[in-house]
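Geometric and topological summary
Each chain is listed here by its residues.
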Amino acid sequence: MDDITDVTALVEEATFDFAVGDSGPALEKLRRATAGCPGSFAAWHALAEVCFAERLLDEALMAAETAATLEPEDIHIHTSLSRIWMERGDKTRAETHGARARMLGWKEQLKEPPAPPRPDGLG
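Residues numbered from 1 in each chain as written. Predicted model: local features only at pLDDT ≥ 70, side-chain atom pairs only at ≥ 80, totals over all residues. Heavy atoms only, no water.

Looking only at helices and strands, one finds six helices and zero strands in the chain. Start at the N end of the chain and walk to the C end: the helices and strands fall as α-α-α-α-α-α. Its C-alpha radius of gyration of 17 Å places the chain more than 25% over the 14 Å reference for a compact globule of 123 residues. Expressed as lengths along the three principal axes of its C-alpha atoms, the size of the chain is roughly 55 × 35 × 25 Å. By element, 58% of the accessible surface of the chain is carried by carbon and sulfur atoms, the whole surface being about 7,500 Å². Of the side chains in the chain, 13 bear a positive and 22 a negative charge, and the two mean positions are spaced by 8 Å. (Helix = DSSP H or I, 4+ residues; strand = E, 2+ residues; numbered from the N terminus. Rg over C-alpha atoms; globule rule 2.2 N^0.38 Å. Areas by Shrake-Rupley, 256 points an atom, 1.4 Å probe, with all protein chains shown as cover. Lys, Arg positive; Asp, Glu negative; His and termini not counted. Charge placed at Lys NZ, Arg CZ, Asp CG, Glu CD.)

This part is about the pattern of salt bridges. What the rule picks out here adds up to twelve salt bridges. Here E87 makes a salt bridge to R55, at a shortest N to O gap of 2.6 Å. Here R55 lies in the loop between α3 (41-53) and α4 (57-70) and E87 lies in helix α5 (residues 75-87), a separation of 32 residues in the sequence. Judged by its relative accessible area of 44%, E87 falls in the partly exposed class. A relative accessible area of 42% places R55 in the partly exposed class. Residue R88 pairs with D58 through a salt bridge whose shortest N-O separation is 2.7 Å. (Salt bridge = Lys/Arg side-chain N within 4 Å of Asp/Glu carboxyl O. Buried < 20%, exposed > 50% of the residue type's maximum accessible area, 1.4 Å probe, protein only.)

In this structure, V11, L30 and L47 are the most contacted members of the largest nonpolar core, which totals 30 residues. Every element with two or more residues in this core is listed here: α1 (4-19), α2 (23-36), α3, α4 and α5. No other element matches α3, which puts nine residues into this core. Filtering out sequence-adjacent residues up to four positions away, L30 remains in contact with V11, A14, A43, A46, L47 and V50. (Core = buried A, V, L, I, M, F, W, Y, C linked by side-chain atoms within 4.5 Å. Contact = heavy atoms within 4.5 Å.)

The next point concerns the packing of α3 against α5. Axis separation between α3 and α5 bottoms out at 11 Å; the angle between their running directions is 30°. Classified by the interaxial angle, the pair formed by α3 and α5 is roughly parallel. The handedness of the crossing between α3 and α5 is left-handed. Residues F41, H45, E49 and F52 of α3 form the contact with α5, whose participating residues are H76, I77, S80, R83, I84 and E87. Across the contact of α3 with α5, the residue classes tally to four nonpolar, three polar and three charged. (Axes fitted to C-alpha atoms, helices over the stretch in contact; angles between N-to-C directions. Parallel < 35°, antiparallel > 145°, perpendicular 65-115°, else oblique. Left-handed = near helix turned anticlockwise from the far one by under 90°. Nonpolar A, V, L, I, M, F, W, Y, C, P; charged D, E, K, R; others polar.)

In an α-helix, one turn spans 3.6 residues; hence positions three or four apart end up facing the same way. A rise of 1.5 Å per residue sets the reference length of α3, with its 13 residues, at 18 Å; its end C-alpha atoms lie 18 Å apart and thus fit the reference within 8%. Most of α3 sits out of view: ten of its 13 residues are buried. Where α3 is concerned, the buried positions are F41, A43, W44, H45, A46, L47, A48, V50, C51 and F52. Phi for R55, located one or two positions after α3, is positive at around 65°. (Expected span 1.5 Å × (residues − 1).)

What follows is about the environment of E54. Position of E54 among the secondary structure elements: in the loop between α3 and α4. A C-alpha to C-alpha distance of 22 Å links E54 and I75, two positions 21 residues apart in sequence. Ignoring sequence-local partners within four residues, the contact set of E54 consists of F18, S23 and L27.

Right, dumping it as structure tokens:
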């Protein structure tokens, strides 16, 4: 499964399955997607989120850590890792990833051009 279109379709189908309450088929599709295309950040991140929701914390952590190696500057994966570590009871690691997510968010904000002045002079 090297075709990114196939992986994207599987992730989208799995997301829909999960959204309508079919976690089993969602997990099966995401596991296929990650096995077939281990370089797919979207597949690993989706697997982490579904596993977290289903309380499969070991698998959620493994999937999230894999996703973070693929996209280390992604705000959302660090937020996911923070939630997973907090649920596992490791506040220090949770705070580390939470801080990383905040820092990445601030970094993105600094890239945005400042808003033009308002014509009424109020801001």
